[in-house]
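Secondary and tertiary structure notes
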Amino acid sequence: MARTPNTEGNEQRRGRGRGGEGGERDGRGRGRGNPDAPRAEREENEFVDKLVHINRVAKVVKGGRRFAFAALVVVGDAKGRVGYGSGKAREVPEAIRKATEQAKRNMIKVNLREGRTLHHDVTGHFGAGRVVLRAAPAGTGIIAGGPMRAVFETMGVADVVAKCLGTSNPHNMIKATFDALVNLNSPRSVAAKRGKKVGDIIGRRDGAAAATAA
């Protein structure tokens, strides 16, 4: 008597191979996913973002009101890099996402003194807003208003004294703060421009600070 082939067993074996139901599982096991996923996770863990301000705008249309949101976000790595961005969308999470992406694209590098404070006092302005940033000794903390505090916390500054003069608009305050940070110079850059040693610049700065304190 002729034996009938076991087609069911063959189908099950084929399913466990590369072509059947097990093909998708095998593809995941071989690491065929998104190769940029680990790098994206590292970038997300590297940066610290803070929501500074969110504004709701209502547009009156025929059917009623249509709301939109504008978010202002500051992003930094707590090691001297910081950036800001703004985003608009119909939903709050989407506006925050747009602002965060823009902030990551517009980051600047600021040289810090001992990794905790500014090298020297500096002023910045934008529109009707003007800010004064002053270096502070260890243990002072961050003495600044809300928008400026977010910039210093994400940038990694531990000791600073800041004052906002003029407008209290968060957008102008953030832009004035970044204007001041861009004009901040380190002793290394000043020494390179003047053709001197870094020790000469730092010694003169410390002597002037001691004379002022006396």
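Analysis parameters
Residues numbered from 1 in each chain as written. Predicted model: local features only at pLDDT ≥ 70, side-chain atom pairs only at ≥ 80, totals over all residues. Heavy atoms only, no water. Pairing = 2+ DSSP bridges. Helix = DSSP H or I, 4+ residues; strand = E, 2+ residues; numbered from the N terminus. Contact = heavy atoms within 4.5 Å. Axes fitted to C-alpha atoms, helices over the stretch in contact; angles between N-to-C directions. Polar contact = N/O pair within 3.5 Å; in protein donor to acceptor, adjacent residues only side chain to side chain. Core = buried A, V, L, I, M, F, W, Y, C linked by side-chain atoms within 4.5 Å. Buried < 20%, exposed > 50% of the residue type's maximum accessible area, 1.4 Å probe, protein only. Salt bridge = Lys/Arg side-chain N within 4 Å of Asp/Glu carboxyl O.

Time to look at the pairing of strand S6 (residues 129–135). Each regular strand shows side chains that alternate between the opposite faces of the sheet. Pairing geometry for strand S5 (residues 122–126) and S6, over five bridges, is antiparallel. The residue of S6 that forms the bridge with Phe 126 is Gly 129. Judged from the seven bridges that link them, S6 and strand S8 (residues 160–166) form a sheet pairing that is antiparallel. Its bridge partner being in S8, Gly 129 is matched across the sheet by Gly 166.

With that settled, the discussion passes to the pairing of strand S2 (residues 64–76). Of the strand pairs in this sheet, strand S1 (residues 48–61) and S2 are connected by 13 bridges, and their pairing is antiparallel. Note on S2: the bridge partner recorded for Val 61 is Gly 64. Pairing of S2 with strand S3 (residues 81–89), which is carried by eight bridges, proceeds in the antiparallel orientation. Counted as the bridge partner of Val 73 is Gly 85 from S3. Counting the residues between successive antiparallel strands, the hairpin from S2 to S3 contains four residues, one of them, Ala 78, with a positive phi of roughly 60 degrees.

Ordered by their spatial adjacency, four strands build an open sheet running S1-S2-S3-S4, and the pairing between neighbours is antiparallel. Only two strands of the sheet have a single partner each, and these edge strands are S1 and strand S4 (108–109). When S3 meets S4, the two strands line up antiparallel, connected through two bridges. Across the sheet, residue Arg 81 finds its bridge partner in S4, namely Lys 109. Sitting on the sheet, helix H5 (residues 146–155) touches S1, S2 and S3, and the angle it makes with S1 is about 140 degrees. Of the strands in this sheet, S1, S2, S3 and S4 are in contact with helix H6 (residues 170–182), which crosses S3 at around 155 degrees.

Position of Thr 154 relative to the elements: it lies in helix H5. A polar side-chain atom of Thr 154 sits 2.9 Å from the main-chain carbonyl oxygen of Ala 150. For Thr 154, the contacting residues outside a window of four places in its chain are Val 48, Lys 50, Val 74, Val 75, Gly 76, Asp 77, Ala 78, Arg 81 and Val 82.

This brings us to the nonpolar core. A general tendency of soluble globular proteins is for nonpolar side chains to be buried together. Formed by 25 residues in total, the largest nonpolar core has its most connected members in Leu 133, Met 148, Phe 152 and Leu 181. Every element with two or more residues in this core is listed here: S2, S6, H5, S8 and H6. Here this core gets six residues from one element, more than from any other, and that element is H6. When neighbours within four sequence positions are excluded, Leu 133 is seen to be in contact with Leu 118, His 120, Asp 121, Val 122, Met 148, Phe 152, Val 161, Ala 162, Thr 177, Ala 180 and Leu 181. By size, the runner-up hydrophobic cluster in this structure holds nine residues, among which are Phe 47, Val 75, Ala 103 and Met 107.

Here we come to the sheet that holds strand S7 (residues 142–143). Spatially, four strands are ordered S5-S6-S8-S7 in an open sheet, and the strand pairing comes out mixed. Both outer strands of the open sheet, S5 and S7, are each paired with one neighbouring strand and no more. Strands in contact with H5 are S6, S7 and S8; relative to S8, the strand with the most contacts, it is inclined by about 150 degrees. Where H6 meets the sheet, its contacts fall on S5, S6 and S8, and the angle it forms with S5 comes to roughly 140 degrees.

As a further point, take the pattern of salt bridges. Within this structure, the stated rule accounts for seven salt bridges. With a closest N to O distance of 3.2 Å, Arg 116 and Asp 159 form a salt bridge. Placement of the pair is Arg 116 in the loop between S4 and S5 and Asp 159 in the loop between H5 and S8, with a sequence separation of 43 residues. The two residues Arg 116 and Asp 159 agree in class, both being buried. In this structure, the salt-bridge partner of Arg 134 is Asp 121, at a minimum N-O distance of 3.3 Å. With a gap of 13 residues between them, Arg 134 in strand S6 and Asp 121 in the loop between S4 and S5 connect regions that are remote in the sequence. The class of Arg 134 is partly exposed, set by a relative accessible area of 47%. Among the ionic contacts, a cluster of salt bridges with common partners joins Lys 50, Arg 149 and Glu 153.

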